[in-house]
Amino acid sequence: MDLHELTILKALELIQTRAISSTELTKAVIDRIDKVENKVNAYITLVPEEALISAAMADQEIKQGNFLPLGGIPLAIKDLICTAGLKTTCGSKILADFIPPYDAGLITKLKQAGAVIIGKLNMDEFAMGSTNEHSAFKNTHNPWDLSRIPGGSSGGSAAAVAADMCLGAFGSDTGGSIRQPASHCGVVGMKPTYGRISRFGLVAFASSLDQIGPLAKSVGDCALLLKTASGYDPRDSTSVNKSVPDYSDLKANGLKNLKIGIPKEFLAVKGIDADVLRVINSTIETFKALGAEIIDISLPHTKYSVAVYYVIAPAEASSNLARYDGVKYGFRSDEAENLDQMYSKTRSKGFGTEVQRRIILGTYALSSGYYDAYYKKASQVRTLIIKDYKQAFNLCDLILTPVTPTPAFKIGEKIEDPLQLYLSDIFTISANLAGIPGICVPAGFSDKGLPIGMQLLGSHFQEDLLLNAAYNFEQATDFHRKKPDL
Amino acid sequence: MEFEPVIGLEVHAQLKTRTKIFCGCSTKFGAPPNRHTCPVCLGMPGVLPVLNKKVVEYTLRMALATNCTIANQSRFARKNYFYPDLPKGYQISQYELPIAEHGYLDIEIEKNIKRIGITRIHMEEDAGKLIHDPDQPTSRVDLNRAGVPLMEIVSEPDIRSAKEAGSYLRKMRRIVRYLEISDGNLEEGSFRCDANISIRPKGTSPFGIRAELKNLNSFKNVEKAIQYEIARQKEILLDGGRIVQETRLWDPAKSRSVSMRGKEDAHDYRYFPDPDLLPLVIDKEWIESAKNELPELPDARKDRFCKEFELLPEAAEVLTSSHETANYFENCLKQFPYPRQVANWVMGSLLGLLNARGISIIDSPISPAGLAELLLLIEQEVISGKIAKTVFDEMANSGKTAKQVVAEKGLVQVTDVSAIDEVVLKVIKDHPSEVKKYKNGKTRLIGFFVGRVMKATRGKANPKIVNEALLKHLSTNP
Amino acid sequence: MKISKNEVLHVAKLAHLTIDKEDVEKLSKQISSILDYVDTLKQVDTNCVKPTSHALLLTNAFREDTPKEHLDLEKALANAPKKEKDAFIVPKII
């Protein structure tokens, strides 16, 4: 096996037994990037020299017997998580040259854990999109079929992990932005409970929904990354002061006593691909074989989740993105003759069409006379969705659903019809509205050989339960072992 | 037709915290541009606000002092608008659920108490500052002030005259200073006031169209601007015109206001709950402990001064005009327990001195203990009241204690009867014609003799003994 | 719910975005179709339902009133598109 193909857990074992060095591993990953990046386009910024310095430092630590949780592991970061001294663009022209003077809470933790940061990953601009076609810089291609989208908005993250261009990655998930590309690229992706990982330094799209999470080659890696990233941060008022369990303590000894609910509304969604249904059905069988009990449940209000989301997320975004005004940082149009022009020319040229569309939608939803009909109404229905989940988790431990209605589609196929694209977020969005954790695990392939994931949802702070169920499923199947042919 | 003004005031008081409302940057005034900033108050991407607890505690004090109902749960909201002094493109404020509502403040107008309703009190962040370069096509942005905590107090439209507005504001300022939560300085901008003014025919109840007046940066300006606005609206209505709802900027130099119409566009602030901040919950225990920590407020202190020290209301008013003055008074009383004498000296000589020097009582060159020592010397008849004023002035100039001054200048009062007798006899001997007139019934000449004796003793003779000695010797002298 | 071209322009102005003439029509159609879809929310009875702005019922996060280090002036201004000495520069505000 080539070094770049290693999982994090395996690589740590080899590094700690001094079978390989972090420098060798990091070099192997850089070579891999050199070889396939021109096909995949996963990275916005690469810092191989810095990565090799970090790797050499990690090797020094190891020599001294100092084993850090991620000591020497090359990781990559979605480009809307701030890295001090390293360009953080959010996939946007408006921040094309922005160099933050601070590290995100996540980055501080990763550095303390000895991780090697190899670069910043492509994404839909400000995480608005589910195809990576809305990056201001490049289209990322799905490693399984380069003519297809990798999903989004953490498309660069999922593609880089799938193509072995890093050992693991961190993305952000506002409505499915980790789980959906993980499904399309055949990797594990997790959105933790809202507040589990600090949002400090995560550039905001929709603050009440955004959550950082890991993308990994295996459930074990995902658990380790989550464990390292989790915890309270006094700089984020919404981060939760709750101890972090040992997520890595996973046991493949069956799932007896586990009740998994299947929401009937999710399988009644129009336009679910036959391949996706087949994968979900076989997943149900696997869980049954593992000893889990499968029950039918109902989440009656989740059918409104897309409508709720496309009010709340753009509304928050319209305000969050007001700071990009060309005054303190970022792009400023030089054609402006007065203040008004400085604002409008800067923002019209700096933001892409999808971002502008959502800003307009969100501004409208908050504007005088419409607030009650849109923002308030959506926030009320959100309450009902949360209630649905609460009731469901009284009946079952976890909920199993598809991640996306279809496997990855062709680049350019749906770019002209935003609503159709929004509707495909139906399975992932409600977890963000409810703040609950969700994980996507590879669960099969389409007829054309495209990966399809399944999603498990848990109650607040039930990440350990989710990971353990996902781990048992993974150990009972071999979808995660297949690699794209690049 | 007679018109009645209807006025509501919005006061913004800067809270005296060490750090800003949502970050650890200093709130100190006067640093060069952009030195008191960090990623949070610069509105950089991805950083988050965290609420300064002291801001809540201070606002809670004000809410309790103005008889408000404290919200069990309040929220921060975003007020969205673009301006270069507003780094995030929104101001974090409170909107739907403010920390406190439905309070009141009693003011005194021509000896009558009038109650002014307080609609709400909320917390918010200040904006930065723009510096306009007169000969450049640019403006400069300084974000030192961005994020400095403000407390906004909105009154009901209960105020009916410029005078009432002034009285309300002075009272409000006195309270924030008593609570030690704000400097309350209009001129330096730590206490700002906007006024909403309309007029209506007297005796009618619907409100007229209102104008909002901004930039009222001194008490004098507040009253002047309100008077100006009332007159302006009257003139328009009497001419058959209509008032336009608008914001007007007061120009203190020209003593007039100008419309800001056109410069504010149609504002639509799109308020919504700030998702970066959690709901603020203030439970009963918190309110109780805040109540217990509340200092005695101006009205209560004034009443107590009247009762406990038997002072006239006017005197009590002056002595409680600030908590520092009241503290000075009471500290002095601890060592010299005669309220009337202390009150007279504080209101007379001391406040006169401070006024003349333009300094605050906390910077007084004579401490409460120092003044008490001086008053004790009078009481013990070591010095006379008249000499005491000289001693007071010398204390203020030199910083010396009363005893030092008296000793150095030899101002100890002469109370030795035989010594005074000697002077008295000499004065009688030197003025035979006056003595004759006195004996013939012109007894008011006693004052003349007292004056001579005092002159001869350079004021140090005890007036009482002088008086007695004169009466004795004038009656017995042949 | 339909959003007219004028409303699109009004909202764009609030958000300080300039929309090209040829895009206004398209944008008003796209946003109208999204709003039509959002209107399905009208089917939900939300009488007496409290709006949620956070999924987790957390309250009261504070910091103490303790000063922290300021950002160096150089770093504060490092990303500014236009600066001068110690300030950000914007077109003159009249």
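This section reports on the structure supplied with the text. Throughout this description, residue numbers start from 1 for each chain and increase along the sequence as written. The lettering of chains begins at A and the numbering of ligands begins at 1, in the order of writing. Restriction of local features to residues with pLDDT of at least 70 applies here, the model being predicted, together with a cutoff of 80 or more for giving and counting side-chain atom pairs; totals for whole chains, interfaces and linings are based on all residues. Note that the side-chain values use all heavy atoms of the structure and ignore hydrogens as well as water.

Regarding the nonpolar core
At step 1: Side-chain atoms within 4.5 Å are what join buried Ala, Val, Leu, Ile, Met, Phe, Trp, Tyr and Cys residues into a set we call a nonpolar core. Here's how the labels work: a residue is buried when its accessible area is under 20% of the maximum for its type, exposed when over 50%, partly exposed in between, all with a 1.4 Å probe on protein chains only. Core analysis: the largest hydrophobic core is formed by 210 residues, its most contacted members being A:Phe126 and A:Phe287.
At step 2: Excluding its chain neighbours within four sequence positions, the residues that come into contact with A:Phe126 are A:Cys90, A:Ser92, A:Ile94, A:Leu95, A:Val203, A:Phe205, A:Leu321, A:Tyr324, A:Phe351 and A:Val355.
At step 3: In this structure, B:Ala63, B:Ala165, B:Leu277 and B:Ile287 belong to the second largest nonpolar core, which totals 65 residues. The contact rule is simple, with two residues in contact once any of their heavy atoms fall within 4.5 Å.

Thoughts on the packing of helix H8 (residues 339-357) of chain B against helix H10 (residues 385-398) of chain B
Residue and element names in this part refer to chain B.
At step 1: Only the contacting stretch of a helix is used when fitting its axis, a line to C-alpha atoms as for every element, and angles between N-to-C directions run 0 to 180 degrees. Counting from the N terminus, the helices are the DSSP runs of H or I reaching at least four residues and the strands are the DSSP runs of E reaching at least two. Running from N to C, H8 and H10 point in directions that differ by 35°, and their axes come no closer than 12 Å. H8 and H10 meet at a crossing whose hand is right-handed. In this structure, H8 uses Trp345, Ser349, Leu350, Leu353 and Arg357 to contact H10, whose residues at the interface are Ala388, Lys389, Phe392, Ala396 and Asn397.
At step 2: Only Asp, Glu, Lys and Arg are considered charged, only Ala, Val, Leu, Ile, Met, Phe, Trp, Tyr, Cys and Pro nonpolar, and every remaining residue, Gly among them, polar. Grouping the constituent residues of the contact of H8 with H10 by class yields 6 nonpolar, 2 polar and 2 charged. Handedness of each helix crossing follows the sense of rotation of the near helix against the far helix: counterclockwise by less than a right angle gives left-handed, clockwise gives right-handed.

Brief notes about the pairing of strand E2 (residues 74-78) of chain A
All names here are of chain A.
At step 1: With 5 of its 5 residues buried, E2 lies for the most part within the structure.
At step 2: DSSP bridges decide pairing: two strands pair if at least two such bridges lie between them. In the sheet, E2 pairs with strand E3 (residues 116-121) via 5 bridges, with the strands oriented parallel. Pairing of Ala76 across the sheet is with Gly119, part of E3.
At step 3: Crossover handedness is defined by viewing with both strands directed away from the observer: a clockwise path from the first strand over the helix to the second marks the crossover as right-handed. Crossover handedness for the path E2 to helix H4 (residues 105-112) to E3: right-handed.

Topic: unusual backbone geometry
At step 1: For the bond from A:Gly152 to A:Ser153, the omega torsion is 5°, close enough to zero to count as cis.
At step 2: Backbone geometry at B:Ser255 places phi at a positive 50°, although glycine is not the residue there.
At step 3: Among the structural elements, B:Ser255 can be located in the loop between strand E14 (246-251) and strand E15 (256-259).
At step 4: Backbone geometry at B:Glu310 places phi at a positive 50°, although glycine is not the residue there.
At step 5: Within the fold, B:Glu310 resides in the loop between helix H5 (298-309) and helix H6 (313-319).

Overview of the pattern of salt bridges
Pairing is possible between side chains of opposite charge, provided their charged atoms come close.
At step 1: Any Lys or Arg side-chain nitrogen found within 4 Å of a carboxyl oxygen on Asp or Glu counts as a salt bridge. Evaluated as defined, the whole model comprises 58 salt bridges over all chains.
At step 2: When the shortest N-O distance is used, the salt bridge between B:Arg170 and B:Glu223 registers 3.3 Å. In this pair, B:Arg170 is assigned in helix H2 (residues 162-178) and B:Glu223 in helix H3 (residues 219-238), connecting sequence segments 53 residues apart.
At step 3: Judged by its relative accessible area of 18%, B:Glu223 is buried.
At step 4: One network of salt bridges, with partners in common, ties together A:Arg199, A:Asp236, B:Arg78, B:Asp274 and B:Asp276.

Comments concerning helix H2 (residues 22-40) of chain A
Residues and elements named next belong to chain A.
At step 1: Here the bend at a residue is taken as the angle between two axes, fitted respectively to the seven residues that end there and the seven that start there. The sharpest bend along H2 measures roughly 40° and falls at Asp34.
At step 2: Along H2, the residues classified as buried are Ser22, Thr23, Leu25, Thr26, Ala28, Val29, Ile30, Arg32, Ile33, Val36, Glu37 and Val40.
At step 3: Buried-residue contacts for H2 involve helix H1 (8-16), strand E1 (43-46), helix H3 (48-63), E2, E3 and helix H5 (155-162).
At step 4: The first or second residue beyond H2 is Asn41, which carries a positive phi of 60°.

Considerations on the sheet that holds strand E11 (residues 149-155) of chain B
All names here are of chain B.
At step 1: What the 9 strands build is an open sheet, ordered E3-E7-E8-E11-E1-E12-E13-E14-E15; its pairing is mixed. The open sheet has two edge strands, strand E3 (69-70) and E15, and neither has a second partner.
At step 2: Each of strand E1 (3-14), strand E7 (100-109), strand E8 (112-125), E11 and strand E12 (191-201) is contacted by H2, which is oriented at about 115° to E7, the strand it contacts most.

Functional significance is not addressed by these values, which are geometric in nature.
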